[in-house]
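Here is how the chains run, residue by residue.
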Amino acid sequence: MKKSILFAMAILGVALLFASTAIYAGTKVPDVVKMEKDAYKEHTKGIVEFTHKKHAEDYAKKHPDLYKDGCGACHHDKDGKPLKNLKAGDDVKDCIACHKKPGEMPRDEKKALRAKKASREEVKKAELEYHAEAIHENCKGCHREFKKKTKSRAAPTTCSQCHPTEKK
Ligand code: HEC
Ligand code: HEC
Ligand code: HEC
Ligand code: HEC
């Protein structure tokens, strides 16, 4: 084979390699995310099926005032700064990659913090280490704001509206 053809094939090979890593570097997200996590020994409540596509697209369009930071309404970086310019195909970490402790903060830990008169900031920081606390604050925080602004009940704030009642 001619050297120039081999050279061209080598270039093409390298180009394809780059193209494929560009595709696979991004994380895909299903339209509805089943919020089951391996880090949990057991989910005590029914597992939430989160309507990601509706939230990221439809609701964002319908309610721009709640989505000033775009995808950053929910996704942020390692310092907690909103990822405003995130777009489909970008690499995204699970919430539990940083909010690492499964479940809500145990009562004992809450009591202990209160007993040592921890400041609100300290308590909040400790709470946010727990996956379910961070998730609840994010979901319910926006839903409460929505309810206040619109008087609508379309964004749920009670347990059974998010957690299906029959345990799986
Ligand atoms: C209302 C909150 C919310 C909005 C807005 C949102 N996301 Fe998400 N996104 C989530 C949650 C919750 C998950 C699930 C993460 C988990 O399982 O820990 C997720 C997961 C993802 C994942 C998959 C990550 C993985 O591997 O688990 C990608 C990719 C993603 N989102 C991209 C986006 C992009 C791009 C936008 C903006 C167009 C966006 N998201 C807007 C809440 C949101
Ligand atoms: C790369 C690490 C990382 C990932 C991934 C991550 N967070 Fe966070 N998050 C942080 C940090 C750091 C803070 C700031 C904590 C502090 O103030 O102590 C934070 C703060 C928060 C807060 C409090 C916000 C406030 O205004 O005080 C909520 C709620 C939250 N995260 C929810 C989530 C949710 C939901 C996801 C997944 C969609 C997520 N986080 C993914 C690191 C992360
Ligand atoms: C930035 C704001 C925002 C955040 C954050 C958010 N939501 Fe919502 N959510 C809404 C709005 C707005 C509606 C109602 C939209 C409508 O009907 O017009 C809604 C509706 C819902 C509904 C009922 C309709 C449906 O799509 O199933 C569920 C369930 C829900 N959200 C779950 C969640 C969960 C779980 C999270 C956290 C992982 C979350 N939401 C985070 C804004 C938000
Ligand atoms: C806006 C939706 C929403 C509401 C309202 C809500 N949760 Fe959750 N909760 C979630 C999501 C999403 C998770 C993430 C993991 C999962 O789906 O189990 C979670 C996780 C949890 C967990 C840890 C996982 C487990 O199953 O052990 C507990 C405990 C929990 N929630 C209890 C409650 C209780 C109690 C209420 C009512 C006071 C409540 N939640 C209201 C969305 C919600």
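Provided above is the structure to which this section pertains.
Reference entry: report on the structure contained in this document. Note that the structure is a prediction, hence the values are computed from the model and not measured. (Residues numbered from 1 in each chain as written. Chains lettered and ligands numbered in written order. Predicted model: local features only at pLDDT ≥ 70, side-chain atom pairs only at ≥ 80, totals over all residues. Heavy atoms only, no water.)

Quick look at the site of ligand 4
Step number 1: Of all residues adjacent to ligand 4, which total 20 residues, the nearest are Thr44, His136, Cys159, Cys162 and His163.
Step number 2: Note that an oxygen atom of ligand 4 is positioned 2.7 Å from one of the side-chain N or O atoms of Thr44.
Step number 3: Between ligand 4 and His136 there is a distance of 2.8 Å, counted from a nitrogen atom to a side-chain nitrogen or oxygen.
Step number 4: When residues of the shell around ligand 4 are traced back to their parent elements, those giving at least two are α5 (131-150) and α6 (159-162).
Step number 5: When grouped by side-chain class, the residues that make up the shell around ligand 4 number 10 nonpolar, 7 polar and 3 charged. (Near = heavy atom within 4 Å. Polar contact = N/O pair within 3.5 Å; in protein donor to acceptor, adjacent residues only side chain to side chain. Helix = DSSP H or I, 4+ residues; strand = E, 2+ residues; numbered from the N terminus. Nonpolar A, V, L, I, M, F, W, Y, C, P; charged D, E, K, R; others polar.)

Things to note about the coordination of the iron atom of ligand 2
Step number 1: In this structure, His76 (NE2) and His99 (NE2) serve as the protein donors to the iron atom of ligand 2, at separations of 1.9 to 2.0 Å.
Step number 2: Given 6 donor atoms and angles of 87 to 178° at the metal, the environment of the iron atom of ligand 2 is assigned as octahedral. Taken together, the residues His76 in the loop between α2 (52-62) and α3 (107-115) and His99 in the loop between α2 and α3 connect sequence positions 23 residues apart.
Step number 3: With a relative accessible area of 40%, His76 lands in the partly exposed category. (Donors = N, O, S within 2.8 Å, 3.2 Å for Na, K, Ca; no water. Tetrahedral: all angles 85-135°; square planar, octahedral: opposite > 155°, others 65-115°. Buried < 20%, exposed > 50% of the residue type's maximum accessible area, 1.4 Å probe, protein only.)

Notes on the coordination of the iron atom of ligand 4
Step number 1: In the first shell of the iron atom of ligand 4, the protein supplies His136 (NE2) and His163 (NE2), at 2.0 Å from the metal.
Step number 2: Around the iron atom of ligand 4 sit 6 donor atoms; with metal-centred angles ranging over 88 to 179°, the donor geometry is octahedral. Of the two residues, His136 is situated in helix α5 and His163 in the segment after α6; the sequence distance between them amounts to 27 residues.
Step number 3: Taking relative accessible area as the criterion, His163 reaches 18% and is therefore assigned buried.

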